[in-house]
Amino acid sequence: MSDHSQQAAPSQDALKQQVADRAIEHIRPHLESSTILGIGTGSTTNLFIDALAKFKGHFDGAVASSDVSAKRLQQHGIPVYDLNAVGQVPFYIDGADEVTPHLTMTKGGGAALTREKILATCASHFICLVDESKQVDVLGGFPIPIEVIPMARSYVAREIVKRGGDPVYRQGVTTDNGNVILDVYGWVIEDPEALEAELNQLTGQVTNGLFAKRRADTLIVAGSSGIETYSAPKDV
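Residues numbered from 1 in each chain as written. Predicted model: local features only at pLDDT ≥ 70, side-chain atom pairs only at ≥ 80, totals over all residues. Heavy atoms only, no water.

Quick one: what's the story with the sheet that holds strand β4 (residues 98–99), residue by residue and with numbers?
Strand pairing in a sheet relies on backbone hydrogen bonds. The paired strands run either parallel or antiparallel. Pairing within the open sheet is antiparallel, and its 3 strands lie in the order β4-β5-β11. Both edges of this open sheet fall to β4 and β11 (210–211), since each of them pairs with a single strand only. Relative to β11, strand β5 (residues 105–106) runs antiparallel, the two sharing 2 bridges. When the sheet's bridge partners are listed, M105 is paired in β11 with F211. (Pairing = 2+ DSSP bridges. Helix = DSSP H or I, 4+ residues; strand = E, 2+ residues; numbered from the N terminus.)

Here's what the structure looks like:
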């Protein structure tokens, strides 16, 4: 009888749980009674919220990037605040759809990109949680979400086509802000910061899912060989 005692690779859900738990370890020493955290949206963030609930007596509350996350926080008895009443948060914790070695990201698969980018910008430290399948050398494999004012949808789509992208209207999706999403395929993004800035100039575009100007400060990655933590390069 041959020996096949190798352990099975952890499931994606198990990997997500591992990064959520590591993020708790990362922020827990910094929690104070007045701390208000920024919380993102998505399956990994949901696991983080569930883990965070065990420490809800150690901090004040949270600002959420989506109505879904706000509801989950409230279900755990964690107070949810309006960002206008808070100003800045010490930590923003969220996932990503793709992330490069420079910690630039694509976000917005869950259609919460605008509020995510606002919260990330208002955070002193952005912690991104992913499993190793999200790591890429160049962004563009995952379509780039763009939140658009509904009446500008066709105009923005035409402008994207001029720039070599293939925009697809995300049917049946309305953002928490009342807008629509175009998912852009076909881009290989060598300079995400330049493309992000260019898209920001399109009239009717609210936010695009490139997080290049505001990258993650810390990236926590779970893989088959364990958990790795990366810090944003200082020279980029």
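Provide a residue-level description of the sheet that holds strand β7 (residues 144–148), including the pertinent values.
The sheet built from 4 strands is open, its strands ordered β8-β9-β7-β10 with antiparallel pairing. Two strands bound the open sheet, and with one partner strand each, they are β8 (166–169) and β10 (205–208). On average, each strand axis in the sheet is tilted by 30° relative to the strand beside it, whichever way the strands run. Here 5 bridges tie β7 to strand β9 (residues 180–185), and the two strands are oriented antiparallel to one another. Bridging from a neighbouring strand, V148 pairs with V180 of β9. (Axes fitted to C-alpha atoms, helices over the stretch in contact; angles between N-to-C directions.)

Give a detailed account of unusual backbone geometry, specifying residues and quantitative values.
Unusually for a residue other than glycine, L103 sits at a positive phi of about 70°. Mapped onto the fold, L103 is located in the loop between β4 and β5. By relative accessible area, L103 is classed as buried at 1%. Backbone geometry at A111 places phi at a positive 70°, although glycine is not the residue there. With respect to the secondary-structure elements, A111 resides in the loop between β5 and α5 (113–121). Residue A111 is classed as buried on the basis of its relative accessible area of 12%. (Buried < 20%, exposed > 50% of the residue type's maximum accessible area, 1.4 Å probe, protein only.)

Tell me about the environment of D137, and please be specific about residues and values.
Relative to the elements of secondary structure, D137 occurs in the loop between β6 (123–131) and β7. Residues D137 and N179, spaced 42 residues apart in sequence, show a C-alpha to C-alpha distance of 31 Å. What D137 contacts, discounting residues up to four positions off in sequence, is T100 and P101. (Contact = heavy atoms within 4.5 Å.)

I'd love a proper account of the nonpolar core, names of residues and values included.
Among the nonpolar cores identified, the biggest contains 26 residues, and I27, L37, I39, F48, L52 and L129 are the most heavily contacted of them. Elements that contribute at least two residues to this core include exactly α1 (12–27), β1 (36–39), α2 (43–52), β2 (61–64), α3 (67–75), β3 (89–94), β6 and β12 (218–223). Ranked by the residues each element gives to this core, the list is headed by α1, at 6 residues. The contacts of L52, once residues within four sequence positions are left out, are I24, I27, L37, I39, F59 and I78. (Core = buried A, V, L, I, M, F, W, Y, C linked by side-chain atoms within 4.5 Å.)

Outline the confidence of the model for the protein chain, listing residues and values.
Across the protein chain, the average pLDDT comes to 93, with 95% of residues at or above 70. Counting contacts from residues 1–5, a segment whose pLDDT is below 50, to residues more than four positions away or on other chains yields 0 contacts. (pLDDT = per-residue confidence, 0-100.)

If you had to explain the packing of α1 against α2 to someone new, which residues and values would you point to?
Running from N to C, α1 and α2 cross one another at 50°; their axes reach a closest spacing of 8 Å. Relative to α2, α1 is oriented oblique. Crossing handedness for the pair α1 and α2: right-handed. Listed contacts from α2 to D13, K16, Q17, V19, A20, D21, A23, I24 and I27 of α1 are S43, T44, L47, F48, A51 and L52. Within the contact of α1 with α2, the residues separate by chemical class into 9 nonpolar, 3 polar and 3 charged. (Parallel < 35°, antiparallel > 145°, perpendicular 65-115°, else oblique. Left-handed = near helix turned anticlockwise from the far one by under 90°. Nonpolar A, V, L, I, M, F, W, Y, C, P; charged D, E, K, R; others polar.)

Account for the pattern of salt bridges, with residues named and values stated.
Counted according to the given criterion, the structure contains 11 salt bridges. Between E25 and R22 there is a salt bridge, with its nearest N and O atoms 3.5 Å apart. Of this pair, E25 and R22 both sit in helix α1, separated by 3 residues, roughly a single helical turn. Residue classification places E25 among the exposed positions, given a relative accessible area of 53%. Looking at R22, the relative accessible area reads 29%, which means it is partly exposed. (Salt bridge = Lys/Arg side-chain N within 4 Å of Asp/Glu carboxyl O.)

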